[in-house]
Amino acid sequence: MCGIVGAIGERNITDVLIEGLRRLEYRGYDSAGLAVVHGGAIERERQPGKVQALADATHASGVSGQIGIAHTRWATHGAPTQDNAHPHQSGDIAVVHNGIIENYEALREQLQAEGYVFTSQTDTEVVPHLIQSELKKGGDFMAAVRRAVAQLHGAFALGIVRATEPQRLLAVRQGSPLVVGLGIGENFISSDQLALLPVTNRFIYLEEGDFIELKRDQVTIWDASGAVIARPSVELDATVHASSKGTYKHYMLKEIYEQPAAIQRTLAGRVSNGQVAIDAFGPQAAELLSKAKHVQILACGTSYHAGYVAKYWFEAIAGVSCHVEVASEFRYRTTVLPADTLLVTISQSGETADTLAALREVKSRALGSLCICNVPTSTLVRESDLAFITHAGPEIGVASTKAFTTQLVALMLLVLATGRRQGNLTAERERDIVAQLAGLPTLCDEVLAMDQAIERIAAEFGDKHHTLFLGRGAQYPVAMEGALKLKEISYIHAEAYPAGELKHGPLALVDQDMPVVAVAPKNDLIDKLKSNLQEVRARAGVLYVFADHAADVRAEPGIKVFSMPSVADEVAPILYTIPLQLLSYHVAVIKGTDVDQPRNLAKSVTVE
Ligand code: AGP
């Protein structure tokens, strides 16, 4: 999704801007641009495609300056062309924007009537013209920006420079992420602190409604009420956040392989003597978990799938009713929350617009809100009553992998804590499941050792157009996650079904050209699942089954079986996710797609 970098200093800041954009590439984008102030004028470079194209053009043209803004654009309004790339300009004003201006059409008509000429199809271009229009009415630069912002509807973050005022860079946070980076004699803004790690490890996390003025040696912030406010700065241990592919070909593969260590980090300090440390969810967690009569989970994409697995766990292990819904649906329908509902949001980034909006919409009606998130400094963490940080480490690949399995571990801890506080879980069962969680890193290593076998069969998917993923019970969301992984990085259409639903429609699709992938650990439903697999085989469907020895699924022509380690039923969804990640990865590599930055997708979906 769109990324913003801005800098003001004494040196030429174009390299800072471009390196910042490179570090935002993982978020997904399709064009890039920058604008600097030089000699009393705005100098701009914009290119469709990769940041490298922008870097080449910038170095060729020699654009340089001590203050500037830069942007990676993920197209929403208008195709990814040079004209639509940010920054957008109106006279001496240049603007970069993340988010959506919902009332841009009305503003565009109004500004056109005032004589402003538009050169792009974007919603963003109204912003510099509006600021210009307000400047003509009088007052200073910041006053004009304030009046302009007051007319904008939607969620956004803005970075703004003015050619005639090269001593200050203005910014606004109103619904989209933005942080300030503090340097020595230079200061920065970005939509993600990762972009600024080469230049600083000191950050100020902004609040919604903040206006910011950045000078070389001074940062001033006004809150939503217009009062100057001192927001605390936070010093990060930069080494913790550093991320490189190391010897791996892709971030996604690296992140798949990091899962044993990531799961260990999620558990570290959160369990002891066979019990979950309830305080790990926050000081009021014990009280909240005792009072909760219902759990409502809200999330998007992969995080939604994690929530879907947890729904099975909450009801089976903690004895508490649980609903799970995609945040983009929940936020816009009329909802009735049962009394004493604990709201649980799940998000890798903590910046997903729909999840945040759903939280804000429903929070006041819930008993309390708890988020499970990988980014401790994110908006979701700050706006939730309680937060549990997964400690998965930075996830760069757009396709979520270690974030998912660590979310599942976190959710199981929450389920155990809830079960205990509700009096529905014996100490023995809790101890047993805690031991299963502790054993997961070793089992994950065993599954990772299946990598080559999975790579070998991936070729059989390369020329297929459709795939079906099957699972039952808590393995159904695992199948959903497997299907999502395959479609997002290999562009092969994939659908997941609870295997019992096959005969109610999807069986009509099955033939020798439609591979069917099944997750089949030994559990109470294995015999039912095996009957469903026979239904597929009887229609010449080719099966790829991940099963443990006890499940006793026999390999035969048309049925390939991958032998999974034995694992307790409760934590099996965590383990069975990994071979499906590897399968998608290898199919994508065979198809030659951009594994880490698949087309049309963004890592952090900060617009709805
Ligand atoms: C997963 O592979 C996706 N890229 C996507 O579905 C993602 O999980 C979703 O956008 C939610 O993101 P979040 O966890 O950061 O909220």
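The model shown is predicted, which means the values in this text are computed figures rather than measured ones.

> Report on helix α1 (residues 14-24), specifying residues and quantitative values.
Listed in full, the buried residues belonging to α1 are T14, V16, L17, I18, G20, L21 and L24. Buried-residue contacts for α1 involve β1 (3-8), β2 (31-38), α2 (51-61), β4 (67-73) and β10 (187-190).

> Describe the packing of aromatic side chains, listing the residues and the values that go with them.
Enumeration according to the criterion identifies eight aromatic pairs in this entry. Here the aromatic rings of F461 and Y544 are separated by 4.7 Å at their centres, their planes lie at 50 degrees, and the arrangement is tilted. Of the two residues, F461 sits in the loop between α16 (451-458) and β22 (466-471) while Y544 sits in strand β25 (residues 543-548), which places them 83 residues apart along the sequence. For Y544, a relative accessible area of 4% translates into the label buried. Taking the centre distance of 4.8 Å and the plane angle of 20 degrees together, the rings of F546 and F562 count as stacked. Remark: F562 occurs in strand β26 (residues 559-564) and F546 occurs in strand β25; sequence separation between them is 16 residues. On the basis of relative accessibility, which here comes to 8%, the residue F562 falls in the buried class. Here the aromatic cluster, defined as three or more aromatic residues joined through ring pairs, consists of Y304, Y308, Y312 and Y476. Taking the ring centre of Y491 as reference, the NZ or CZ of R599 above it sits at 3.8 Å.

> Please provide a residue-by-residue account of empty space enclosed by the protein, values included.
Left-over empty space is what a probe sized like a water molecule reveals as it rolls over the atoms. Under the counting rule described, the total for this entry stands at three cavities of 30 Å³ or more. Roughly 90 Å³ of volume is contained in the largest cavity. Around the largest cavity sit M1, C2, R73, W74, T76, H86, H97, G99, T122, D123, T124 and V607, which together line it. When its residues are assigned to classes, the lining of the largest cavity shows four nonpolar, six polar and two charged.

> Outline unusual backbone geometry, supporting the account with residue identities and numerical values.
At the junction of H86 and P87, the peptide bond is cis and its omega measures out at 0 degrees in the coordinates. Phi is positive for H391, close to 60 degrees, though the residue is something other than glycine. Looking at H391, the relative accessible area reads 36%, which means it is partly exposed. The backbone of A540 sits at a positive phi, close to 70 degrees, despite the residue not being glycine. Among the structural elements, A540 can be located in the loop between α18 (526-537) and β25. Take A540: its relative accessible area is 35%, and that puts it in the partly exposed class.

> Break down the pattern of salt bridges for me, citing the residues and quoting the values.
A side chain of one charge can pair with a side chain of the opposite charge if their charged atoms are brought near each other. Per the counting criterion, the structure on display carries 32 salt bridges. The salt bridge partner of R22 is E19, with a shortest N-O separation of 3.8 Å. Of this pair, R22 and E19 both sit in helix α1, three residues apart, which is roughly one turn of that helix. The exposure class of R22 is partly exposed, given its relative accessible area of 30%. Taking the shortest distance from any N to any O, the salt bridge between K402 and E258 comes out at 2.6 Å. Here K402 is found in helix α14 (residues 402-422), whereas its partner E258 is found in the loop between α7 (251-257) and α8 (259-267), with 144 residues between them in sequence. Within this structure, D92, D140, R162, E165, R168 and E213 form a network of salt bridges that share partners.

> Tell me what's going on with the state of the cysteines, and back it up with residues and numbers.
This structure, assessed with the given rule, holds zero disulfides. C371 carries a free sulfur, and the closest cysteine sulfur to it, the one in C373, is 5.3 Å from it. Given the relative accessible area of 0%, C371 is considered buried.

> I'd like to hear about the environment of T334, residue by residue, with values.
As for its placement among the helices and strands, T334 is situated in the loop between α11 (327-330) and β19 (341-347). Classification of T334 as exposed rests on a relative accessible area of 77%. For the pair T334 and A230, spaced 104 residues apart in sequence, the C-alpha separation works out to 38 Å.

> Hey, could you go over the sheet that holds β10 for me, with residue numbers and the actual values?
Strand order across the open sheet formed by eight strands is β3-β2-β4-β1-β10-β9-β11-β14, with antiparallel pairing between neighbours. Of all the strands in the sheet, just β3 (41-48) and β14 (233-235) have a single pairing partner and so form its edges. The sheet shows a mean angle of 20 degrees between the axes of neighbouring strands, direction not considered. One ladder, built from four bridges, connects strand β9 (residues 179-182) with β10; its direction is antiparallel. Residue pairing in the sheet places V180 in a bridge with I189 of β10. α1 rests against β1, β2, β4 and β10 of the sheet, and its axis sits at about 160 degrees to β1. Across the sheet, α2 lies against β2, β3 and β4, angled at about 140 degrees from β3, the strand it touches most.

> Explain the sheet that holds strand β12 (residues 210-215) to me, using residue names and the numbers behind them.
Across a sheet, strands are paired by hydrogen bonds formed along the backbone, either parallel or antiparallel in direction. Judged by pairing direction, the sheet is antiparallel, and its six strands sit side by side in the order β5-β6-β7-β8-β12-β13 without closing on themselves. Edge positions in the open sheet fall to β5 (88-90) and β13 (218-222), since each of these has one partner strand only. Taking the axes of each pair of neighbouring strands and ignoring which way they run, one obtains an average angle of 20 degrees across the sheet. As judged from the five bridges shared by strand β7 (residues 154-162) and strand β8 (residues 169-174), these two strands associate in the antiparallel manner. The partner of V161 across the bridge, within β8, is L169. In this fold helix α4 (residues 126-136) packs onto β5, β6 (93-101) and β7, with an angle of close to 125 degrees to the strand it touches most, β6.

Calculation rules
Residues numbered from 1 in each chain as written. Predicted model: local features only at pLDDT ≥ 70, side-chain atom pairs only at ≥ 80, totals over all residues. Heavy atoms only, no water. Buried < 20%, exposed > 50% of the residue type's maximum accessible area, 1.4 Å probe, protein only. Helix = DSSP H or I, 4+ residues; strand = E, 2+ residues; numbered from the N terminus. Contact = heavy atoms within 4.5 Å. Phe/Tyr/Trp six-rings, centres within 6.5 Å; stacked < 30°, edge-to-face > 60°. Lys NZ or Arg CZ within 6 Å of the ring centre and 35° of its normal. 1 Å grid on protein atoms, 1.4 Å probe; cavity = no way out; pocket = protein on both sides within 12 Å on 5 of 7 lines; lining within 4 Å. Points joined across faces, edges and corners; volume = space filled by probe spheres on them. Nonpolar A, V, L, I, M, F, W, Y, C, P; charged D, E, K, R; others polar. Salt bridge = Lys/Arg side-chain N within 4 Å of Asp/Glu carboxyl O. Disulfide = S-S within 2.5 Å. Pairing = 2+ DSSP bridges. Axes fitted to C-alpha atoms, helices over the stretch in contact; angles between N-to-C directions.

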